[in-house]
Every structure is written in structure tokens, then in C-alpha cells.
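# Reading the structure
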Amino acid sequence: MAVSVDKAVAAGPARDRPPRVRRRGGRGRGRSLLEVVLLTVLAVVMLFPVLWMIETSIKENRDVYAIPAEFIGFTVTLDHFKDVFVAGDGGRSALSVAFLNSVVVAGVSTVLATVLGVPAAWAYSRFTLRAKKDQLFFILSTRFMPPVVVVVPIFLMYRQVGLIDTKLGLILIYAAFNVPFTIWMMKGFVDEVPAEYEDAAMLDGYTRLQAFWKFTLPLLVPGIAATAVFALIFSWNEFVFAIFLTSSDSVRTAPPAIAGLIGGTTVDWGLVAAASVVFALPVLVFAYLVRRHLVAGVTLGAVRR
Amino acid sequence: MGTVAVQGLCKSFGKVQALDGVTLDVPDGAFFVVLGPSGAGKTTTLRAIAGLDKLDSGSVHLDGKDATGDAPAARDLAMVFQNYALYPRHTVFENIASPLRARRCSSREIAAAVERMSRLLHIERLLQRRPAQLSGGEMQRVALARALVRSPRAFLMDEPLTNLDLKLRVEMRTELTRIHRSLGATFVYVTNDQVEALSMADQVAVLREGKVQQVGTPTEVYERPANRWVAGFVGSPPISLLACRAEGDRLVGAAGWTLPRPRWATAQDGRALLLGLRAEDLSVEQRGDASLAGELYGLEPLGDRTVVDVRVGTEILKVKARPTVVGTPGERLRVTVDLDRAHLFDADTGLSLSGAGR
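Residues numbered from 1 in each chain as written. Chains lettered and ligands numbered in written order. Predicted model: local features only at pLDDT ≥ 70, side-chain atom pairs only at ≥ 80, totals over all residues.

### Concerning the overall build of chain A
What chain A contains, in helices and strands, is 13 helices and zero strands. Along the chain direction, N to C, the helices and strands of chain A fall in the order α-α-α-α-α-α-α-α-α-α-α-α-α. Each of the 305 residues in chain A was classed as buried or not, and the buried ones make up 32%. (Helix = DSSP H or I, 4+ residues; strand = E, 2+ residues; numbered from the N terminus. Buried ≥ 20, exposed ≤ 12 C-beta atoms within 10 Å, placed from the backbone.)

### Observations regarding the overall build of chain B
Helix and strand counts for chain B stand at eight helices and 20 strands. For chain B, the spread of C-alpha atoms along the three principal axes comes to 75 × 45 × 35 Å. Split into buried and exposed, the 358 residues of chain B put 42% on the buried side. Here the analysis covers contacts within chain B between residues at least 6 apart in sequence; of these, 66% occur between residues at least 24 apart. (Contact = placed C-beta atoms within 7 Å.)

### A word on the UniProt feature "domain: ABC transmembrane type-1" (unreviewed entry) in chain A
Here, the residues flagged by UniProt with the feature "domain: ABC transmembrane type-1" (unreviewed entry) are residues 99-290 of chain A. From the first C-alpha to the last, residues 99-290 of chain A spans 22 Å; its make-up is 77% helix and 0% strand. (UniProt positions renumbered as here; feature names shortened; annotations may be inferred.)

### Comments concerning the UniProt feature "domain: ABC transporter" (unreviewed entry) in chain B
This chain's UniProt record puts "domain: ABC transporter" (unreviewed entry) on residues 4-234 of chain B. This span, residues 4-234 of chain B, is 36% helix and 26% strand, and a straight line between its end C-alpha atoms measures 24 Å.

### Section: the sheet that holds strand S8 (residues 186-191) of chain B
Residue and element names in this part refer to chain B. One open sheet holds the six strands; their spatial order is S6-S7-S8-S3-S9-S10, and the pairing between them is mixed. Either end of the sheet is taken by a strand with one partner, and the two such strands are strand S6 (77-80) and strand S10 (211-216). Along the sheet, successive strands turn relative to each other by an average axial angle of 15 degrees, direction set aside. Where strand S9 (residues 203-208) meets S10, five bridges bridge the pair, whose relative direction is antiparallel. (Pairing = 2+ DSSP bridges. Axes fitted to C-alpha atoms, helices over the stretch in contact; angles between N-to-C directions.)

### Describing the sheet that holds strand S14 (residues 272-277) of chain B
Residue and element names in this part refer to chain B. Strand order in the open sheet formed by five strands is S13-S12-S11-S14-S20, with antiparallel pairing between adjacent strands. Among the strands making up the open sheet, the edge pair consists of strand S13 (258-260) and strand S20 (343-346). On average, adjacent strands in this sheet sit at an angle of 40 degrees to one another, irrespective of strand direction.

### Thoughts on the domain arrangement of chain B
When cut into domains, chain B gives domain 1 (4-229) and domain 2 (238-346). Just the C-alpha atoms count here: the centres of domain 1 of chain B and domain 2 of chain B sit 39 Å apart. (Domains from an automatic or database assignment.)

### Let's talk about the nonpolar core
In terms of nonpolar packing, the biggest core is built from 150 residues, with B:Val33, B:Leu156 and B:Val188 touching the most fellow members. For this core, the leading source of residues is helix H7 (residues 167-192) of chain A, giving 14 residues. Excluding residues within four positions of it along the chain, B:Val188 makes contact with B:Val4, B:Val26, B:Phe32, B:Val34, B:Leu46, B:Ile49, B:Ala154 and B:Leu156. Ranked by size, the runner-up nonpolar core spans 14 residues in total, among them A:Ala98, A:Ala254, A:Ala273 and A:Ala275. (Core = buried A, V, L, I, M, F, W, Y, C linked by C-beta atoms within 7 Å.)

### With respect to the UniProt feature "transmembrane region" (unreviewed entry) in chain A
Residue and element names in this part refer to chain A. The feature "transmembrane region" (unreviewed entry), as annotated in UniProt, sits at residues 32-54, 99-124, 136-158, 170-190, 211-236 and 269-290 in this numbering. Helix makes up 100% of residues 32-54 and strand 0%, whereas the separation of the span's terminal C-alpha atoms amounts to 31 Å. Counting secondary structure, residues 269-290 comes out at 95% helix and 0% strand; the distance between its end C-alpha atoms is 32 Å.

### Section: unusual backbone geometry
With an omega of 0 degrees, the peptide bond between B:Ser236 and B:Pro237 qualifies as cis. Backbone geometry at A:Asp165 places phi at a positive 60 degrees, although glycine is not the residue there. Positive phi outside glycine occurs at B:Ala85, with the angle close to 50 degrees. With respect to the helices and strands, B:Ala85 occurs in the loop between S6 and helix H2 (92-102). You can call B:Ala85 buried: it has 25 C-beta atoms within 10 Å.

Laid out in C-alpha cells, this is it:
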């Protein structure tokens, strides 16, 4: 008796299960098919220019202009990459100088923004300040307009103080744009670290700054990494200020230098593509290294308040 | 030496007045408990002593010297935080060593001191772990060890037992009392648990809405509450308060009852009063003349005793009774009152009227 009851009970759900699973599976497949189609379209649209850039950078010049275009089966060459770094006479090319300038300008401006922005974010998070919200809003408001709006005033001011066509000028303007961003993003991270660690450290006998330095700062490293990468990408990619404020080859950064390759009587598309690949690589590598923190930064640091 | 004296502490957060003229005098070597419900300003008081928050006004004196503006590090105090605030990246060893590292002790001294502390608090096996790998009770011990590892002027403890389960809390209560006695150091201990306050303190300060209600020994606070609010907060089950007024040689309740007026009750006739009766000063057995008629409202068996809720008019009296007591709700009964141990409060001001005459 007992066995048959058990069987009957067990049989009920068992009979029910297959159609339910099929229904669920069918719906799931339908949704994922739509997803796959949309993602494929999106991926093609987004990745095709990248792919084209990479292909062009390793094609010989006659293949670049071939009609119809060759996707595969062209002769692979790395000459364009050599041309990016080495000038025709064997010395350093103007592009390689531009890349070095980009490294210096983006690196120093990011360090500057981080060194100024992180302590500021800590202070805004920890201390009661007069009109704190207004101050934070004011800081954020500097990012409301597109940077290009202030290019002309900045140009005139820079001409007055002799910062035109200097790396320092670019470093300062990039840092100025990155500091508000750093403060806002880092404030979210600092808010997440309990203030009690610093309280405890101060009672242990440390000063407030030592408490911040020894106990809070190490916990902020992931946030700082994410924030710095964002700042670095901004400075690295920046084009408008770079093209307005610099002119000589020894100062120019990579974006205007690459843009300058286009516009002569003949355009060496292979060189343009190779330079672009070299230009894109560092950002990709950095973003990959801190990808987990980037997500944390996007979802946690920036969204809060 | 380790005296802590605060004078007229005021602190507001926006519109909320957290401290409103708090004055406390903690003698050297005392186990001084600041007791109050959440939001009373206990933690703010402790943080003011530690120098973690800026005060609106008031002063902090440590060992008789003005320390009001001093940095926390300069005050030579140790603190245990409610959530322990153990450094998450540091091992237990490094957490405990932190106060010594800040003072640049030699690593030999540090190793010896940490070892001594870990033995005292039975955490030897945990030294290489990180806080995330500890249970609540272990974290609490580590936080305690970090505070105790050096000999500061005074120890500040902010509800250190609140986050522990009941059994551990009782254990740690005994342990803390033992540590206090063996160190002979000054403890300022904040809690909202009146049992902790009564069982551990030499002196209790009861705080409410940023004001000190009463300072005294646990017995004083329990036996002679300064006002109806202290009477209601200290003691479990809470004291029963009945509205009444004095008329000649009688106390007449708002619910219609009368009791003989105690000799010590000096209140003027007709004034609105509250009669405070503790559960243990009431009895459902016939033991004296003074008694109140009521009906049984409910029974709370607590193992060693049963609390009988008796309804008198619209008010509920909590009466302590033997665990064997039985009854059915609605049953009529009389509650004997030990008037010599009763309390009278002014219904308007809440202040005790029973202090002087007793």
C-alpha cells in the first residue's frame, strides 16, 4: 500500500515535469536567439572598424587600395609599425615622439589628479564642511559643459601665461578636468570604508593623516586604480585641447599627430592604421588589468548619490 | 591615575541636540557605566571624551588637566568600538600590536605584550588570522586585546557586548569585571542594557536625550531613582506607575483605589502624582493591610519567577510571584503593596518626591 501511494505521489510531478521543462526551455531559447542576433549585429557594427584598422595596419600599400578589398589572402607586413617608430632617415619618427608625449602628459596629469582628488574625496567624505553639498555640486558643475566650450578662453589665458604649446599646459588642463571626476568617484569609495578604522587608529596613537595613510588608503587601492584608469583614458584620448593648444612636433600628443597624417596629397593609410593600433593598445591593456575594479567603479563608486 | 571629567558637553548634529550639557566625573579606577536608550547621546559622550568629534561647547579634563582640544592620540585613552573596527587587512597579531607600533615599541616588546594579551583573552590560536575569519565573540576579544595591550589612562567601551549572543554576553560580563579588577584601571562603559549596568558598574550615569538624569551606584539608581523616567528605564520588569494624588492620610488613585499615605510622602494635597511600584514590592499573596483590587490580566512565566500582570482600573501592574502561581485571566484578586518601598513622582515634572523623607 505504502509503496503504491509513494509511487502515485512521485508520478504526479514526474508526469508534469517534461512539458513544463520543454515550455521553459523553448521560451529560454527564443529569448537567447534574439539576444544572440542583437549581440551579433552590435558586435559586427562595433568591431568592424577595429578589425578594418588592424587589417589595414598589416597590409601592403597596394592591398590597402585593392578593389574589391581583400579580407584574407593579402601579404602581411609589419613595415607600417616600423614606420610609426622609425623615421625615414633612421632616427626617431615624429609619431614616436608624439606617443612619448602622450605617455608623459596622460601619466603626469592622471597622477596629479589622483594625488589632489583622493585626499579631497576623503575630506568630503569624512568631515563636516560648510555648504558641503554646494561645494560638491560646484565641483561637479565643471563637467556639465563639453570641454570644447572653454577652448577659446583657455587658449587666450594660456597665451598670456606662456603655456601655449607646452606639455605642462596640457597636463594642467587635463588634471583640471580629471580632479572633479576623481573627487566624485573616489568619494563613493571612501564612503564605503567605515570611518571607525581611522577612529580606532587615532586612539591607537596615530595622527589623523597617519590613520588615513596606513589604514584607509590601502582599502581604497581598487577604487583608486579604477578612477585613475578612467582619468588616464580621458587624458590619453583627448583631442580638442591637444590640437588647439599645441603645434610643434616636440610637444604634440598622439591624437593630433595621428590626425595630422591625414590631409596631405597622399594619405598613408597603412601608417594611420598602424599608429591607431599602437594608440589603442595601452588603453585596452589598462582596462583589461583593472576590469573588475572598473565594473565596481561604475556601479558602486559613481552611482552613489 | 586615570580620572575623566567632562563639563557641560554640548553637541548637535544639524537640528538634533545630541548632548545638552552633559557633566560627568569619573574617579580613578572606577567602572563607570553610561546607561541610556539608543539616541540618548551615550556614544557621542564617549567620542567626545576620546576626542573624535568636535564639541559645540564644554570641556574634557583628563587627570585634572584640560584636554578639550587635544588630538585623540595625545589623550592616552583606549577604546573598544561597538562594531570592533578591527583593521581588515591586518592579522589579529597586527591588530593587537597596532597601539604599540604607533608608539614605536621594539618588536620584542610587542611580541611579548601581544602574547600576554592573547593568553589573557584566550585568542592564542587566532593570531595569524584576519578579522573576516573570526566569529563575533572572537572579534570582540581581539578588539578588547587591542585596547588592553597597553596601559592607557582610561578605557572607553562603546557597547562592546551588544553584538554578542546572550550566553557569550554573560560570560564576557564576568570576564570584563575580572579584568577591571585585576588592572585597577578606569573604565568608561557605554550600554543600553540595564542588566549590564547594574551588574558591572561601580557608578552608573543614566542619560536621556542628551541630559544626565542621575549619577549614582547601581543600588542608588535602582532604589532611589531621581525621576519617573530613570525608574522606568532601570529594572526588569519595568516599574509600574499609577496616577494618583494625596488626600489627607490617604493616596487616592485615578482608578478609584485608596492606599494609606506613606509617612515619607510630603507632597501637598491634590497634586497630581505617580505611584511607582516595583514588581518585587508587590505580591499576590495576602501579606499586609495595604492592597489594591484588580483582575488578572496575564501571566509571564520566566522559570525562576512568574510575572503576573494585574489590571487596576485602566493601568497594568507587574507583580513578581512564585513560579508556581496559577490563575485565569479575568479572575479578581488583591495585590499587597509594600508602601515603605514604593516611589512617588510628581506627575508634571516627573521628579521623585520620595528622596528626602525616607
